[in-house]
Amino acid sequence: DTLIKVWDDTLQCLETIHLSEKIPTLLVPVASSLAFGGARDAKLLIAARSGELVELAMDSGRTVVLDEAHARTKTLATEAHGLDAHPSNPDLYATSGDDGTVRVWSVSKRRCLLRCPPDLVAGAAVRCCAWAPDGSRLAVGLGGDPADRNRDGTLVLMRVDTTDALPEVLSEVRKSKA
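Residues numbered from 1 in each chain as written. Predicted model: local features only at pLDDT ≥ 70, side-chain atom pairs only at ≥ 80, totals over all residues. Heavy atoms only, no water.

Here we come to the pairing of strand E4 (residues 43-48). Of the two faces of E4, the one lined by Leu 44, Ile 46 and Ala 48 is fully buried and the one lined by Lys 43, Leu 45 and Ala 47 carries no buried residue. Relative to E4, strand E3 (residues 31-36) runs antiparallel, the two sharing five bridges. The residue of E4 that forms the bridge with Phe 36 is Leu 44. As defined by bridge partners, E4 adjoins strand E5 (residues 53-57) across five bridges and the pair is classed as antiparallel. Bridge pairing links Ile 46 to Val 54 in E5. Linking E4 to E5, which pair antiparallel, is a turn of four residues; within it Gly 51 sits at a positive phi near 100°. (Buried < 20%, exposed > 50% of the residue type's maximum accessible area, 1.4 Å probe, protein only. Helix = DSSP H or I, 4+ residues; strand = E, 2+ residues; numbered from the N terminus. Pairing = 2+ DSSP bridges.)

For the rest of this paragraph, the subject is the side chain of Glu 68. Mapped onto the fold, Glu 68 is located in the loop between strand E6 (63-67) and strand E7 (80-85). On the accessibility criterion, Glu 68 (14% relative accessible area) is buried. At 2.3 Å, the side chain of Glu 68 and the side chain of Arg 103 are in polar contact. Those residues within four positions of Glu 68 in sequence are excluded, and the remaining contacts are Gly 51, Glu 52, Arg 103, Trp 105, Cys 112 and Arg 115. (Polar contact = N/O pair within 3.5 Å; in protein donor to acceptor, adjacent residues only side chain to side chain. Contact = heavy atoms within 4.5 Å.)

Tallied over the entire structure, the rule returns eight salt bridges. With a shortest N-O distance of 3.9 Å, Lys 43 and Glu 55 are connected by a salt bridge. Taken together, the residues span a long stretch of sequence, with Lys 43 in strand E4 and Glu 55 in strand E5 at a distance of twelve residues. The exposure class of Lys 43 is partly exposed, given its relative accessible area of 34%. For Asp 98, the salt bridge is made with Arg 127, and the minimal N-O distance between the two is 3.5 Å. Of this pair, Asp 98 sits in the loop between strand E8 (92-97) and strand E9 (102-106) while Arg 127 sits in strand E11 (residues 126-131), and the two are 29 residues apart along the sequence. A residue is classified by how much of its surface remains accessible, and Asp 98, at 12% relative accessible area, is buried. (Salt bridge = Lys/Arg side-chain N within 4 Å of Asp/Glu carboxyl O.)

Attention now moves to the layout of surface pockets. There is about 230 Å³ of room inside the largest pocket. In this structure, the largest pocket is lined by 13 residues; those nearest its centre are Val 65, Glu 68, Arg 111, Cys 112 and Leu 113. Of all the elements in the fold, those that place two or more residues in the lining of the largest pocket are E6 and strand E10 (111-116). Looking at the lining of the largest pocket, the element that brings in the most residues is E10, giving five residues. Of the residues in the lining of the largest pocket, the class split is six nonpolar, one polar and six charged. (1 Å grid on protein atoms, 1.4 Å probe; cavity = no way out; pocket = protein on both sides within 12 Å on 5 of 7 lines; lining within 4 Å. Points joined across faces, edges and corners; volume = space filled by probe spheres on them. Nonpolar A, V, L, I, M, F, W, Y, C, P; charged D, E, K, R; others polar.)

Quick look at the confidence of the model for the protein now. When pLDDT is averaged across the protein, the result is 83; 88% of the residues are at 70 or more. Mean pLDDT in the protein bottoms out at E3, which sits at 83, and peaks at strand E12 (residues 137-142), which reaches 92. (pLDDT = per-residue confidence, 0-100.)

Before going further, it helps to examine the sheet that holds E7. Ordered by their spatial adjacency, four strands build an open sheet running E7-E8-E9-E10, and the pairing between neighbours is antiparallel. Sheet topology places E7 and E10 at the edges, where each strand pairs with a single neighbour. For this sheet, the mean inter-axis angle between neighbouring strands, taken without regard to orientation, is 25°. (Axes fitted to C-alpha atoms, helices over the stretch in contact; angles between N-to-C directions.)

What follows is the structure, encoded as structure tokens:
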């Protein structure tokens, strides 16, 4: 239900946290696991179903994404499938997965710099990714999601700039059936 409830030792609800409002960047605002730091530091560690690990400061409401990964966004188990190193910047690489996301990572910063949400490529599973020789575009191949067979065999070409919020879809073609 995207809610986290904090209870006291007498089972009185102290606070209700709406994950979709508190942390709008979560792909799936459902907690799969929680750890509470206690009253002194009042921090809540949230593992989201979509692969993000987030620290929430209870007093200020401040959130910090500590880590993220390709993960479950539907009822199916998901995997990362695509991986390609940037052709001219050895610090960057891209990954893609069944969760429908494409991510650009920094080796030196050890974090994700850019996450293309599933709706950018219509929510379909992304099976592969490859940078253009100049590194300005990324091609991704869609398919393999039993719930979305109409996207199988689709190739999406997008412009990627790690300084922009989202990449731009340049073209989309479907020349194969699977």
